[in-house]
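Structural features, examined
Listed below, chain by chain, are the residues.
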Amino acid sequence: MAELDYLTLLGAELDRFAGCLDGDLAAPVPDCGDWTLYDLANHLGAGNLWAAVAVTEKHGRHSPPPAPRAPDALAAWFAGSCATLLTTLAADPATEAWTFFPPHTVGFWRRRRTLETLVHRWEAAHALGRPAPLDPALAADGVAEVFDTMAPRQVKRGRAAAPANAVRFTTADSGDSWVYGPGEPVAQARGTAADLLLMLWNRLPATDPAISWTGDRAAAAAVLDGPLVP
C-alpha cells in the first residue's frame, strides 16, 4: 500500500465535513443511533480537540464542553477545532504522544483522525442526501486499520473474542487484500475498498449486494460479529 500524506488528506476531509454544516443540523444520522448532524459535528470537533491534547499534554482525559448549537457559531467552533488539530499534528510524526494503541506517536493520530473523519464525513453527506465517494486508497487504509488496530484493541479490552476462523477481504478497486483470523481463510468478501470499509464499520450490511461472498458464510458472520470496531 502506498504511503499516504495523512496531514493533507485530513485537512481535505475536515473541509468536506465542514461543507456539510450548511445543511439541516437536526437531520438524523441513520448510522449513529439517535444522533443528528449537530451531534456528529460535536463528536468530531470534540475528538479533534481531544487528540490535540493527547499530543500536547500526553493524556486521554480531555473533555471539552459541548459545541454551540447556533449554525454560525457551530461552524466557527468546528473550524477552530480543525485548526487546532492540524497545527498540533504538523509536528514530526515520530513525536511522542498519548494514544490508545501503538504506536504512541503523532503519526498514530495523523492516521486515526484522517480515517475517523473519512467515515464521519460519509455519514454527514449520507444524512443530507449528498452522496460523496471515498478515495479508494484511503478507504483501503481504513480497512487495514480495522485489522491492525481496531479489532485487536476490541479483543484486548475484552469487548470481542478472538476470531475462531480466518476471512479474506479483497478490494475490487485498490488491489489490496487482508486476512483476519487464524489459519487458512474459510470465506472471502470482495467489494470496493469503500464498501468493505463501510461494512466493517457497520455502515453497510454484510448482505448488501455490493459485497460478494464465497465460502462459509456462517463462519464469516461469526468473525464479523466481533465486534471489530467500537
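In this text, all values refer to a predicted model and were calculated from it rather than measured experimentally.

**Focus: the environment of Val167**
Residue position: Val167 is located in strand S1 (residues 166-171). Judged by relative accessible area, Val167 falls into the buried class, the value being 1%. If near-sequence neighbours (up to four positions away) are discounted, Val167 is found in contact with Trp178, Val179, Tyr180, Pro185, Ala187, Trp213, Ala220 and Val223.

**Quick look at the environment of Trp50**
Position of Trp50 among the secondary structure elements: in helix H2 (residues 37-56). Each C-alpha atom of the pair Trp50 and Gly60 lies 7.0 Å from the other, and the pair is ten residues apart in sequence. Apart from the residues within four sequence positions on either side, Trp50 is in contact with Gly60, Arg61, His62, Trp98, Phe100 and Trp109.

**Some points on unusual backbone geometry**
With omega at -5°, the peptide bond leading from Pro102 into Pro103 counts as cis. Structurally, Pro103 is set in the loop between helix H3 (71-88) and helix H4 (106-127). Here the residue pair Gly226 and Pro227 is connected by a cis peptide bond, since its omega of -5° sits within 30 degrees of zero. Summarising the element assignment, Pro227 is placed in the segment after helix H7 (217-224). The backbone of Lys58 sits at a positive phi, close to 60°, despite the residue not being glycine. In this fold, Lys58 is placed in the loop between H2 and H3. The backbone of Asn202 sits at a positive phi, close to 65°, despite the residue not being glycine. Mapped onto the elements of the fold, Asn202 is located in the loop between helix H6 (193-200) and strand S4 (212-215). With a relative accessible area of 54%, Asn202 lands in the exposed category.

**Focus on the layout of surface pockets**
Taken as a whole, the largest pocket spans an internal volume of roughly 500 Å³. As for the largest pocket, its lining consists of 22 residues, and the residues nearest its centre are His43, Glu116, His120, Trp201 and Pro230. Among the secondary structure elements, those contributing two or more residues to the lining of the largest pocket are H2, H4 and helix H5 (136-156). No other element matches the seven residues that H4 contributes to the lining of the largest pocket. In terms of residue class, the lining of the largest pocket is built from eleven nonpolar, four polar and seven charged.

**Things to note about the pairing of strand S2 (residues 177-180)**
Here S2 shows a clear split, with Trp178 and Tyr180 buried on one side and none of Ser177 and Val179 buried on the other. As defined by bridge partners, S1 adjoins S2 across four bridges and the pair is classed as antiparallel. Paired with Val167 across the bridge in S2 is Tyr180. Hairpin connection, S1 to S2: the antiparallel pair is bridged by five residues, and Gly175 has positive phi, about 75°.

Rules and cut-offs
Residues numbered from 1 in each chain as written. Predicted model: local features only at pLDDT ≥ 70, side-chain atom pairs only at ≥ 80, totals over all residues. Heavy atoms only, no water. Helix = DSSP H or I, 4+ residues; strand = E, 2+ residues; numbered from the N terminus. Buried < 20%, exposed > 50% of the residue type's maximum accessible area, 1.4 Å probe, protein only. Contact = heavy atoms within 4.5 Å. 1 Å grid on protein atoms, 1.4 Å probe; cavity = no way out; pocket = protein on both sides within 12 Å on 5 of 7 lines; lining within 4 Å. Points joined across faces, edges and corners; volume = space filled by probe spheres on them. Nonpolar A, V, L, I, M, F, W, Y, C, P; charged D, E, K, R; others polar. Pairing = 2+ DSSP bridges.

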